[in-house]
Amino acid sequence: GENVEQHPSTLSVQEGDSAVIKCTYSDSASNYFPWYKQELGKRPQLIIDIRSNVGEKKDQRIAVTLNKTAKHFSLHITETQPEDSAVYFCAALTGYSSASKIIFGSGTRLSIRP
Amino acid sequence: EAQVTQNPRYLITVTGKKLTVTCSQNMNHEYMSWYRQDPGLGLRQIYYSMNVEVTDKGDVPEGYKVSRKEKRNFPLILESPSPNQTSLYFCASRPVSTDTQYFGPGTRLTVL
């Protein structure tokens, strides 16, 4: 079946440095790729998403890139801050119309060192 | 306020005792789904519903039931809970016109 692989599972970076999380997906028909941030004890929150008709999207310190040919997409966080510490999930929308579903990666625990 | 709510937020129960976790959304969304979250496995879909009286299995449906009698509610039923169903459960909803999902606050279930 369809799957999404996410790496690394844990990531520790110095405050102010950049963090990169990578995902690959199996369904070549996938056309929507959201990223969620989950703080400890909280629900996942959408932080950025990208559709297959664009290669890159940026929102302040967060950017996502998509390579459809290689079927991989990445989350880039620049100038990391302590509040960026959380678990991040990538996901891909697979299937068609109302029968489509979101497949999640296994998550990356990002820690920002002061 | 537009939101997805779940109840209870925390539940400790024993093997075999039937339980229901409720999920409700006030955004008139057609699509609702249930996920379980386990360490290292991310979020895995249990069941989903595309509209009233339309439900289908996700990736890990064994041991669970759902119903969708009303558009706003999508309860998750564990007829005979077992310890391997100890997990964090999230309900989510979205309109079929968009792909953005909204998650409930989560229910932490422990089955002894």
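The structure we're discussing is the one just above.
So, here's what we can say about the structure. (Residues numbered from 1 in each chain as written. Chains lettered and ligands numbered in written order. Predicted model: local features only at pLDDT ≥ 70, side-chain atom pairs only at ≥ 80, totals over all residues. Heavy atoms only, no water.)

**Side note on the packing of aromatic side chains**
What the rule picks out here adds up to 12 aromatic pairs over all chains. Here A:F33 and A:F73 contribute two aromatic rings whose centre-to-centre distance is 4.9 Å and whose plane-to-plane angle is 50°, an arrangement assigned as tilted. Remark: A:F73 occurs in strand β8 (residues 72-77) and A:F33 occurs in strand β4 (residues 32-38); sequence separation between them is 40 residues. Assigned by exposure class, A:F33 and A:F73 land together as buried. A centroid spacing of 5.4 Å and a plane angle of 90° characterise the contact between A:Y36 and B:F103, whose relative ring orientation is edge-to-face. Linking A:Y36 in strand β4 with B:F103 in strand β10 (residues 102-103), this pair reaches from one chain into another. (Phe/Tyr/Trp six-rings, centres within 6.5 Å; stacked < 30°, edge-to-face > 60°. Helix = DSSP H or I, 4+ residues; strand = E, 2+ residues; numbered from the N terminus. Buried < 20%, exposed > 50% of the residue type's maximum accessible area, 1.4 Å probe, protein only.)

**Looking at the nonpolar core**
Note that soluble globular proteins tend to have their nonpolar side chains buried in a common cluster. Ranked by internal contacts, the top residues of the largest apolar core, which has 24 residues, are A:W35, A:F73, A:L75 and A:L110. Beyond its immediate chain neighbours, meaning those up to four positions away, A:F73 contacts A:I21, A:K22, A:C23, A:Y25, A:F33, A:W35, A:T65, A:L66, A:C90 and A:A91. (Core = buried A, V, L, I, M, F, W, Y, C linked by side-chain atoms within 4.5 Å. Contact = heavy atoms within 4.5 Å.)

**Focus: the sheet that holds strand β1 (residues 4-7) of chain A**
All names here are of chain A. Ordered in space as β1-β3-β8-β7-β6, the five strands form an open sheet in which the pairing is antiparallel. Among the strands making up the open sheet, the edge pair consists of β1 and β6 (56-59). On average, each strand axis in the sheet is tilted by 15° relative to the strand beside it, whichever way the strands run. Two strands pair when backbone bridges link them, and strand β3 (residues 19-25) and β8 are joined in this way by six bridges, in the antiparallel orientation. When the bridges of β8 are listed, I21 appears paired with L75. (Pairing = 2+ DSSP bridges. Axes fitted to C-alpha atoms, helices over the stretch in contact; angles between N-to-C directions.)

**Observations concerning the pattern of salt bridges**
This model, assessed by the stated rule, comprises nine salt bridges over all chains. The salt bridge involving A:K57 is made with A:D49; its shortest N-O contact spans 2.9 Å. Using a relative accessible area of 35% as the deciding quantity, one classes A:K57 as partly exposed. Between A:K101 and B:D59 there is a salt bridge; the shortest N-O distance is 2.8 Å. In this pair, A:K101 is assigned in strand β10 (residues 101-104) and B:D59 in the loop between β6 (54-57) and β7 (65-66), connecting two distinct chains. Among the residues examined, B:D59 registers a relative accessible area of 42% and is labelled partly exposed. Several salt bridges converge on common partners, so that one network encompasses B:K18, B:K65 and B:E79. (Salt bridge = Lys/Arg side-chain N within 4 Å of Asp/Glu carboxyl O.)

**Digging into the sheet that holds strand β3 (residues 19-25) of chain B**
Residues and elements named next belong to chain B. Taken together, the four strands give an open sheet; going across it, the order is β1-β3-β8-β7, and neighbouring strands pair in antiparallel fashion. Sheet topology places β1 (4-7) and β7 at the edges, where each strand pairs with a single neighbour. With three bridges connecting them, β3 and strand β8 (residues 76-78) associate as antiparallel partners. The residue of β8 that forms the bridge with V21 is L76.

**Considerations on the interface of chain B and chain A**
Residue-level contacts link 22 residues of chain B with 21 residues of chain A. With both chains or domains summed, chain B and chain A bury close to 1700 Å², and 51% of this area falls on carbon and sulfur atoms. Its largest share of buried area at the contact with chain A, chain B owes to B:L43, B:D99 and B:F103, together 32% of the area lost on that side. In this assembly, chain B and chain A are joined by one salt bridge. Inspection of the region where chain B meets chain A yields three residue pairs in polar contact (both at pLDDT 80 or more). Counting residues per element, the ones that place at least two in the side of chain B that touches chain A are β4 (31-38), β5 (42-51) and β9 (87-94) of chain B. It is β5(B) that provides the largest number of residues to the side of chain B that touches chain A, a total of five residues. Among the residues making up the side of chain B that touches chain A, the classes are represented as 12 nonpolar, seven polar and three charged. (Buried area = accessible area lost by both parts, 1.4 Å probe. Polar contact = N/O pair within 3.5 Å; in protein donor to acceptor, adjacent residues only side chain to side chain. Nonpolar A, V, L, I, M, F, W, Y, C, P; charged D, E, K, R; others polar.)

**A closer look at the state of the cysteines**
In this structure the tally under the stated criterion is two disulfides over all chains. Linked covalently through their sulfurs, A:C23 and A:C90 form a disulfide whose S-S length is 2.0 Å. With the S-S bond torsion at -100°, the cross-link from A:C23 to A:C90 turns out left-handed. Here the residue A:C23 occupies a position in strand β3, and A:C90 occupies one in strand β9 (residues 86-94), the gap between them amounting to 67 residues. In this structure, A:C23 and A:C90 share a single accessibility class: buried. Each sulfur in the disulfide pair B:C23 and B:C91 lies 1.8 Å from the other. Judged by the sign of its S-S torsion, about -70°, the cystine formed by B:C23 and B:C91 is left-handed. Placement of B:C23 in strand β3 and of B:C91 in strand β9 is noted, with a sequence separation of 68 residues between them. (Disulfide = S-S within 2.5 Å.)

Any link to function would need more than the numbers given here.
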